[in-house]
Amino acid sequence: MDYPFIDGGVTAAKGFTAAGVHCGIRKNRSKRDLALILSDRPAAAAAVYTQNLVKGAPLLVTQRHLADGTAQAVICNSGIANTCAFDGEDKAEAMCELTANALGIEANDIIVGSTGVIGPSLQLEPIEKGIPALAAALSKEGGADAAEAIMTTDTVKKECAVSFELGGKTCTLGGIAKGSGMIAPNMATMLCFLTTDAAIAAPLLKEALSETVEDTFNMLSVDGDTSTNDTVALMANGAAGNEPVAEKNGDYQTFRAALRQVCTAIVRALAADGEGATRLLECRVTGGKTAADARLAAKSVIGSALFKSAMFGADANWGRVLCAVGYSGAQVDVKGVSVTFRSAAGSVHVCEKGAGILFSEETAKTVLSEKEIVVDIVLSDGQAAATAWGCDLTYDYVKINGDYRT
């Protein structure tokens, strides 16, 4: 079932406040560059990270801080990724110390994140000067400012929240995220901070998050580049007052469904705001031999530069879809594949049993000229299904990344 979306994002849940300010990491004073999220009490916490072997210093520090399954705050800057810098971990720990001193909490209860240019050393002076104002600005209305402060090449803020019930208590789960480029399956330049007032044991929180990421964030691709700083972190402070979820019962399944709904909404927003993107692409695969095969096929299509380019041109070049399925590594009977393109303008069936069929190019152009395109792939190998999300590949992607650092 779908749970109702409600106003707010990372501060929608009880006991959470947030803020975002410009502290001076970015030269553009109109852009916020430092975000803070605070729970009014220690919270169960879990995170999932990039699979890139090169990992940002904030990620390594966060891993250590979450070893006990507890956190109370998030501090995150944009502009500099604090990755591959000689003093990266020292700077990330110092960010936590400065934040802890301002909030009166323990430094090892802080999740730290950074996003931006890889390589340069992060300067602490702007952060040190900015944290007092950041802490003073904490409020229930500050989630949108925090969402803005973690943006890099994003053009819109990403935040959402849902309401659901556990044990008769109304609970809320929400979050904010950033990501526009350097995004590939197995996470992305992608930071996502999630909060909930539900009470759930840390080990189950970690399991629910890991399972959800597999079918959401790990099925997202903008450009095929897996970043160094990807983190999805989740804090659960129990302020809703439900009986703590301690086993995989009905309440656990409800919580996981709410988590998946929020993460799916965020992933779709990330894909739609891909660098230079004009179309959101959703690839739905059914009839896979296994779940792994269905995921491989869907991710391969979404990640194909040729297919993405065809979608930019509203060109129903279905051969590129079959090509991507064929090299995906999935076990597929290529003579049992059918493909249909769908959008708000209708649908056009272009391939049946691995071969082309007659269709109207004019209708196809109309269908593919919409802002959201679904690629429906039906395999004939089993019952497994998977969905992947991405965007088209445009001229502007090259323009944005041609001078990103300078």
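Residues numbered from 1 in each chain as written. Predicted model: local features only at pLDDT ≥ 70, side-chain atom pairs only at ≥ 80, totals over all residues. Heavy atoms only, no water.

Bringing the pattern of salt bridges into the picture now. Within the structure shown, the criterion is met by 18 salt bridges. Here Lys158 makes a salt bridge to Asp154, at a shortest N to O gap of 2.6 Å. Its salt-bridge partner being Asp392, residue Arg279 comes within 3.8 Å of it at the nearest N-O pair. Of this pair, Arg279 sits in the loop between helix H6 (250-272) and strand S9 (280-288) while Asp392 sits in the loop between strand S14 (384-391) and helix H11 (395-402), and the two are 113 residues apart along the sequence. Neither Arg279 nor Asp392 differs from the other in exposure class; each is buried. One salt-bridge network, held together by shared partners, links Arg268, Glu282, Arg284 and Glu372. (Salt bridge = Lys/Arg side-chain N within 4 Å of Asp/Glu carboxyl O. Helix = DSSP H or I, 4+ residues; strand = E, 2+ residues; numbered from the N terminus. Buried < 20%, exposed > 50% of the residue type's maximum accessible area, 1.4 Å probe, protein only.)

Turning next to the pairing of strand S13 (residues 372-378). On any regular strand, side chains alternate: one points to one face of the sheet, the next to the other face. Buried residues dominate S13, accounting for five of its seven residues. Two strands pair when backbone bridges link them, and S9 and S13 are joined in this way by seven bridges, in the parallel orientation. Within S13, the residue paired with Thr286 across the bridge is Val378. Where strand S10 (residues 338-343) lies against S13, five bridges are found, and the strand directions are antiparallel. If you follow Ser338 over to S13, its bridge partner there is Val378. (Pairing = 2+ DSSP bridges.)

With that settled, the discussion passes to the packing of helix H1 (residues 57-65) against helix H2 (residues 88-103). Close contact between H1 and H2 brings their axes to 8 Å; oriented N to C, the two are set at 55°. Considering the angle they form, H1 stands oblique to H2. Crossing of H1 against H2: the hand is right-handed. Touching Ala57, Pro58, Leu60, Val61, Arg64 and His65 of H1 are Gly88, Glu89, Ala92, Glu93 and Cys96, all from H2. Classifying every residue of the contact of H1 with H2 by side-chain character gives six nonpolar, two polar and three charged. (Axes fitted to C-alpha atoms, helices over the stretch in contact; angles between N-to-C directions. Parallel < 35°, antiparallel > 145°, perpendicular 65-115°, else oblique. Left-handed = near helix turned anticlockwise from the far one by under 90°. Contact = heavy atoms within 4.5 Å. Nonpolar A, V, L, I, M, F, W, Y, C, P; charged D, E, K, R; others polar.)

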